[in-house]
Each structure stands twice: as C-alpha cells, then as structure tokens.
Amino acid sequence: MDVRSSARTDVGRTREHNEDSYGIGEGEAVARLGHLFVVCDGMGGHASGEVASARAVEIILKDYYADDEHDRAAAVEQAFQHANQRIFAEGRGTMGTTGVAALILGTTLHIANVGDSRAYLVRGDTIRQISRDHSLVADQVEAGLITPEQARHSNIKNVITRALGHQPDLVVDLFEMPLQSGDVVLLCSDGLHGLVNDDELAHAARDADLDRACATLIALANRRGGSDNITALLVRVAAVEPPAQQTSDTVPLHEQITEPLPVAETAPSGGDTSPAIEAAAPAPATAPATAPAPPTERPLTRLGALLSVLLLVVLVSALLIAQFRPELLPFAAPQATAPTLPPTALPTAQPAVIGSPAAPTIMTTAMPTAPVAPTGSPMPTPQG
C-alpha cells in the first residue's frame, strides 16, 4: 500500500487562537495496523478548545496503535471513547472537540466521526461526503426543513449536537468502503467546508502536489472571509493491491458508495462493534460467482394452492348435491315418505317443499286462487 499525505492548519482571519489540531500515525506499527489520520476542532472558549482538540488527537493516535486486541474499526472507536472520557474528566463538560479519523488498512477505508468535521472521498471527478454531520442544521436538512445551501448560510450552522468531552458517554459513527488506486481522502474542519464548496474541494484535491493542494484550500477559505480556524488533511492512495476477485476496471464512486450509512452506532457503553462491521463488509472472495439455486418453498406453495382449490371445488359440489340431490350423498339422512292420500284428495297444483333437504317433505292441498286486484285497488272481500 502506497499512501501519501499532507496537512495544514491556519487560524483564519477572525480568531485569536487556533483551536484545530491534526495528527498522522507514525512508526513501525503503521505497517501492521494501518495508516491513521485525525482532525479535531476544539471548542469551549479561550484555551479550552485548543487543549481539547490536542488531547483528542494525541489520545486517539496513541490508544489506537496500542490496541492489538480489537479489530481495527473497533480499535478506532475505542480510542474515541477513551479520548472522550479523558477530556470530560479534565474539563467536566466545559470543553470539547469534534473528531474525524480516517484509517487506511489494506484496500479498505474506515471513517469515524463525532461532530461536524468531515471526511470526503474524491475519486476521479466525483467527490462524496462520507461522514455525517452532528449539528442542528444537518438535522434540519435531513428532516427537509431547509436545503443544504440554506444550511451553509444559517446563523446556527456552528451549533453541534455531539462532541468529545461534553458528556461522559459518546456515540461514534463508523463507516467503511473499498479503496482504489488514485483515491484521495480529505479530512477538514468546518472552517474549510463551510466556505469552500464540494466542487472546489474536489478540484484542489486532484492536484498532484498535496502540499500545494492544502495551501490552495486554506488560501481559498481565507479569501472567503476566514471566519473560523481552517484545517485540511489530504491523503492519496497511490497504489492499491487489488483483491483476487477484483478486476482492473474502475468502479465509479457513485456506484460503489450508494449511501454512506454508519456501519455501527455503538451504545454509550462503548461495546465492541465488530459484529455490525462484519455484517456490512463485502462478500468474501470465495463466494460463488453464480446465483444460488431457486428456493424449494415456491413449488411447495404452488402445490398447496392447487390442493386448496381442489378442496374448495369438492366442498362446493357437496353443498350443491346436498341441496338438490341429497339421496346421492352416502351420509345424507333418510327422506321421510309422505302419506299416500286417496286419489280423489290429490290436488291439481304441484306440492311445495318447505325446510332443509334433510327435513320431511310436506304435501299441501292447493287452495282456490282468488283473483288478483289491480295495483293500488282494494282486495275484494270474499263472499260468505
């Protein structure tokens, strides 16, 4: 893995102190545990923010490379948790900092973030925000109350909803995705992305000279007012060893990353997130190339439906036979025989059948039929 990086931070045009900090993993552990990059934007007033961001960067890098037990994404999350606990213990909620980290390990990029410092991935002509802002305006955009452009100019855009050091417990968002040769990762504070749009970020990141690209971004933010501290950290993946199943074709960023959702949102207790991460990881190289055989449940379902239709036909037929030809049913009750009347007593009218098929047939004698009166006329009174 050939990874190159450059970073720069600037106080901006309006602030007295630079409360941004950044750090890059170094030493022999990098070859084993991956390249880790961190950007933090402190808050709390006076020197508190500067202290919080510097502490966070130091603790995250130190704890990550000291942890050989967890999987690497969980180790990043644990490092964030430890930084949060240390900063909260020191400041008791009076100081805090955002934090965004990028871990490049093998052919995979892992992102962790808290607050509104961002991680972007630039691939070719495409740029994509990977992290998710924890801020009031981001919540409003997600709810459809304002547009992203309105959020950029909102007077509450600096109000964040999550930070290291403000509370004893912390939820860290984790993301992961595959990398390709030529990909560029950008970590930055809101002093940059709040003044420079995504297209401008991508254009600068494509500069072959990363030092010059960082300087260009800082200068552009300052020309737009430099209303906050500005930090830019660029990482270029110069070469990636492709997995055995990967072809040489380049996959566009918008196809490979359909939606940057967290791999895991950990509980405040800081439990291990490895099961969620493994569930979201790409399929292993040994996965069959052909589609699995069709499930057996579908033929069984069709057979059941056919049997149900046949049973329904049988039941309907039995009901019709019971209604009109009950003698054909082996289980039908015997019909009662009507008494035979003398021939002279037989009526000329047809007998009426009353009751169910199982009931005896009742013979009735026809009565003389009275003439029917026209509609609306009174019925004639029978003569006595």
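Residues numbered from 1 in each chain as written. Predicted model: local features only at pLDDT ≥ 70, side-chain atom pairs only at ≥ 80, totals over all residues. Heavy atoms only, no water.

A.B. asks: Can you help me understand the pairing of strand β3 (residues 35–43) in this one?
C.D. replies: Each regular strand carries side chains that alternate between the two faces of the sheet. Counting buried residues in β3 gives eight out of nine residues, a clear majority hidden from the surface. Relative to strand β5 (residues 99–105), β3 is paired through five bridges, and the arrangement is antiparallel. Note on β5: the bridge partner recorded for Leu36 is Leu103. Sheet topology places β3 next to strand β4 (residues 96–97); two bridges connect them, and they run antiparallel. Within the sheet, the bridge partner assigned to Gly42 lies in β4 and is Thr97. (Buried < 20%, exposed > 50% of the residue type's maximum accessible area, 1.4 Å probe, protein only. Helix = DSSP H or I, 4+ residues; strand = E, 2+ residues; numbered from the N terminus. Pairing = 2+ DSSP bridges.)

A.B. asks: What is the right way to read helix α2 (residues 48–66) from this model?
C.D. replies: Owing to its 3.6 residues per turn, the α-helix brings residues three or four apart onto one side. Taking 1.5 Å of rise per residue, the 19 residues of α2 would be expected to cover 27 Å, and the 27 Å separating its terminal C-alpha atoms lies within 8% of that figure. For α2, the set of buried residues is Gly49, Ala52, Ser53, Ala56, Val57, Ile59, Ile60, Leu61, Tyr64 and Tyr65. Residues of α2 that are buried make contact with β2 (20–24), α1 (29–33), β3, α3 (72–91), β4 and β5. (Expected span 1.5 Å × (residues − 1). Contact = heavy atoms within 4.5 Å.)

A.B. asks: Looking at this model, I keep getting lost on the nonpolar core. Mind explaining?
C.D. replies: Among soluble globular proteins, nonpolar side chains are generally buried collectively. Counting 29 residues, the largest nonpolar core has Leu36, Val38, Tyr64, Tyr65 and Phe80 as the members making the most contacts within it. A per-element tally of this core places α2 first, with eight residues. Once residues lying within four places of it in the same chain are set aside, the contact partners of Leu36 are Gly23, Ile24, Gly25, Ile60, Leu61, Tyr64, Tyr65, Val76, Ala101, Ala102 and Leu103. Grouped together as the second largest cluster of nonpolar side chains are 23 residues, Leu186, Ala204, Cys214 and Ala232 included. (Core = buried A, V, L, I, M, F, W, Y, C linked by side-chain atoms within 4.5 Å.)

A.B. asks: How should I be thinking about a nonpolar patch on the surface in this particular structure?
C.D. replies: Where nonpolar side chains cluster on the molecular surface, the patch consists of Leu312, Val316 and Leu320 and spans about 280 Å² of accessible area. Residue position: Val316 is located in helix α11 (residues 297–324). Owing to a relative accessible area of 40%, Val316 belongs among the partly exposed residues under this scheme. (Patch = residues over 30% accessible without salt bridge, like charges linked within 9 Å, V, L, I, M, F, W, Y side chains within 5 Å. Areas by Shrake-Rupley, 256 points an atom, 1.4 Å probe, with all protein chains shown as cover. Salt bridge = Lys/Arg side-chain N within 4 Å of Asp/Glu carboxyl O.)

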